[in-house]
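A look at the structure
Okay, here's what each chain looks like letter by letter:
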Amino acid sequence: MSAPIRSVAILTVESLTVRFGGLVALNALDFDLRAGEFVGLIGPNGSGKTTFFNALTGIYAPAAGSVTLSETDITGLRPQRIYDAGITRTFQRLRLASTLSVFDNLMIGNHRNLDQSLMTNIFARRRLHQQIMEDIEKSRVLLEQFSAPLASRLFDPVSQLPMIDRRRVEVCRALISKPKILLLDEPSAGMTHEETRALMDDLLASREQMPGLAIVLIEHEMGVIERVTDRCVVLNYGQKIAEGSYRDVADDSRVRAAYLGED
Amino acid sequence: MAAASAAVFVLLFLYLEEEWEIVVLAVGLIATLYSAARFGFLGQIEAAASEHSRTTILVNFVAAALVIALLRGEHFALLMLATVFLYVTVCLGLTVQFGYAGIVNFAGIAFFGIGAYTTAVLSAHTPVPHLVVIIISGLVAGLIGSVLILPLLRTRGHYAALVTIAFGILFRTFLEVSDILGGPQGLKVPGMQLFGWSLNDNISLGPLGTVSFYAAYAVVALLLAAGAYILVKRLERSWIGLNLDAIRTDETAAASFGIDVPRWKIFAFTVGNCLAGVAGGTYAMMSGFIAPASFNFGDSLLLVSIVLLGGSGNPLGVLPAALLVVVLPEKLQIIQEYRLLLFAVLVILILRFRPEGLLPRKMREYYASWGRT
């Protein structure tokens, strides 16, 4: 494919490989992402999509290959450093702290901007109070882009929220630190079509506020992929088998074979 | 009002001698807390308390001081009260470790013991002022705790618990064979001297009678517990407290958002051990004598059961729980021998019927009027 180069790639992945013992979960994957791009990552169950996210974010150590973010090598860094470099994510099975409030969960995502000094946290309580007030305002503004009723439940525990609001909180947690790249791992899981549609609308709307934000979306609902993505990458057995616009990919015979089985 | 009734209760608890009265009181305490929680009074009291957090601390402090003043002549009651405050301090340390960061520590009494032995050695052989000795004891406990950090960071859950159990048992065995530290006979510890005033002298008030020297220790222990409470509460209501809670609930998610998991685990573990060490140092000076037999694995279990009974992660729950666990066996001689068994049953009952403890932890909040804007 020869897409016109609108901007330079911010993320370049070269022959990334992940092995679990004898199993090759990800096999020499090449992948690149430009600023502002919305890429869909699809493939059957077990094809290595989530493994790719985990290898990118430092949860799994890659066996080979390299990952370059804005000309900095970030291969195999710890999750903390990947976050600092500007890549955040959501999880397939929500990983929110359900006993904590919406605000607390957002602040976990805002870690990079929080004052971690002992001085502020234990002694200079007035300064801490001021920081908290600013962050409450910031959280409210972000949540309102997604759902106004949710913004008024800032102090409720996440466990009391319906599924769609939990997804919203998780997306907001990943967005509040203003990352360069957002990785969404199957945000439609456990939600109805309408809810997924609403979430994607919110996401597209809030993307307007964050120019340059690139998004990679793992999704099984092809309707969603077709609607929101600029480009698709298809994985099967840890390898890339196709890449291109949704139309091109959907018509590809190898992709059909991977999803429906060989004739 | 709640503080006043609590003070009256503590007073009765320590003052009464008859065993049946004690039983009635203990059952009464549990029943009161339970029904108060059931009918929402507790929520109101806690809400009011957090609304006026400064006043609450002050009122409670004054109530505790009043209890000490009223018991001024009673050696044994004051000794118990001081012990309760010291246990509260240790358990506040465990609250940071277990309640906040989720690190199980079954060696609480070992860090208490490290503090006690450090104080014994330093006060017997060096002219360091005793206030400094106590602080050093806390630091030494924190420092020795760092030996455990590496294995603790590599293990999770049950395995981490085993590491601390092993350490607790090793510590006791080490004390018994160490001749320098007195072996099984233990060490004598001089009484505490603060600013040239010896705490081991009874104070005569002329016609009002004499004040037991334990009253002085009870005040010191009270100050310690109050300081620890403020520290732990402030930690909870801060970004650091949020880091710890995030790590407890989901380490992977925490790491994915930049939280340095090892750093904050080390922080929580060390803060907890320092509190235990400071309390241990004070205990050594108060009791005047320490031996390995005082630092058993069973005592570590008691500490953990106090935290569970009070409500894991709620610093406020530690006080009634410590009161029950420390004073009850002393008052009820019959159960003395069965106390471990009894507390085991108690912990099981708690985990079965009220897993969050007598005073369950509330939602995180950062300041008084939180969530009502």
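Anyway, here's the lowdown on the structure attached to this text. Because the structure is predicted, anything quoted here is derived from the model rather than measured. (Residues numbered from 1 in each chain as written. Chains lettered and ligands numbered in written order. Predicted model: local features only at pLDDT ≥ 70, side-chain atom pairs only at ≥ 80, totals over all residues. Heavy atoms only, no water.)

What about the overall build of chain A?
Counting its secondary structure elements, chain A contains 11 helices and 10 strands. Buried residues in chain A amount to 54% of all 263 residues. If you take every contact in chain A between residues at least 6 apart in sequence, the share linking residues at least 24 apart comes to 69%. On chain A, roughly 11500 Å² of surface is accessible, and the fraction owed to carbon and sulfur atoms is 50%. (Helix = DSSP H or I, 4+ residues; strand = E, 2+ residues; numbered from the N terminus. Buried < 20%, exposed > 50% of the residue type's maximum accessible area, 1.4 Å probe, protein only. Contact = heavy atoms within 4.5 Å. Areas by Shrake-Rupley, 256 points an atom, 1.4 Å probe, with all protein chains shown as cover.)

Comments concerning the sheet that holds strand E9 (residues 231–236) of chain A
Residues and elements named next belong to chain A. In spatial order, the strands read E6-E7-E8-E3-E9-E10; together these 6 strands make up an open sheet with mixed pairing. The open sheet is flanked by strand E6 (87–89) and strand E10 (239–244), the only strands paired with a single partner. On average, each strand axis in the sheet is inclined to that of its neighbour by 20 degrees, with strand direction left out of account. Two elements, E6 and strand E7 (residues 181–185), share 3 bridges in a ladder whose sense is parallel. Each bridged residue has a counterpart across the sheet, and for Ile-87 the counterpart in E7 is Ile-181. Each of strand E3 (38–42), E9 and E10 touches helix H11 (residues 253–260); the most contacted strand, E10, lies at about 130 degrees to it. (Pairing = 2+ DSSP bridges. Axes fitted to C-alpha atoms, helices over the stretch in contact; angles between N-to-C directions.)

Description of unusual backbone geometry
All names here are of chain A. For Ser-15, which is not glycine, the phi torsion reads 35 degrees and is therefore positive. The residue Ser-15 is located in strand E1 (residues 9–20) in this model. With a phi angle near 45 degrees, Ser-70 is a residue other than glycine that sits in the positive phi range. Residue classification places Ser-70 among the partly exposed residues on the basis of a relative accessible area of 34%.

Here's the deal with the interface of chain B and chain A
Contacts between the two partners involve 33 residues from chain B, matched on the other side by 40 residues from chain A. Interface area, chain B with chain A, both sides summed: about 3200 Å², of which 66% is carbon and sulfur. Counting across the chain B and chain A interface gives 3 salt bridges. Across the salt bridge formed by A:Asp104 and B:Arg364, the nearest N and O atoms sit 3.0 Å from each other. Connecting chain B to chain A are 14 residue pairs in polar contact (both at pLDDT 80 or more). Breaking the side of chain B that touches chain A down by element, the ones donating at least two residues are helix H10 (213–236), helix H11 (239–249), helix H12 (251–256) and helix H13 (261–287) of chain B. With 8 residues, the top contributor of residues to the side of chain B that touches chain A is H11(B). (Buried area = accessible area lost by both parts, 1.4 Å probe. Salt bridge = Lys/Arg side-chain N within 4 Å of Asp/Glu carboxyl O. Polar contact = N/O pair within 3.5 Å; in protein donor to acceptor, adjacent residues only side chain to side chain.)

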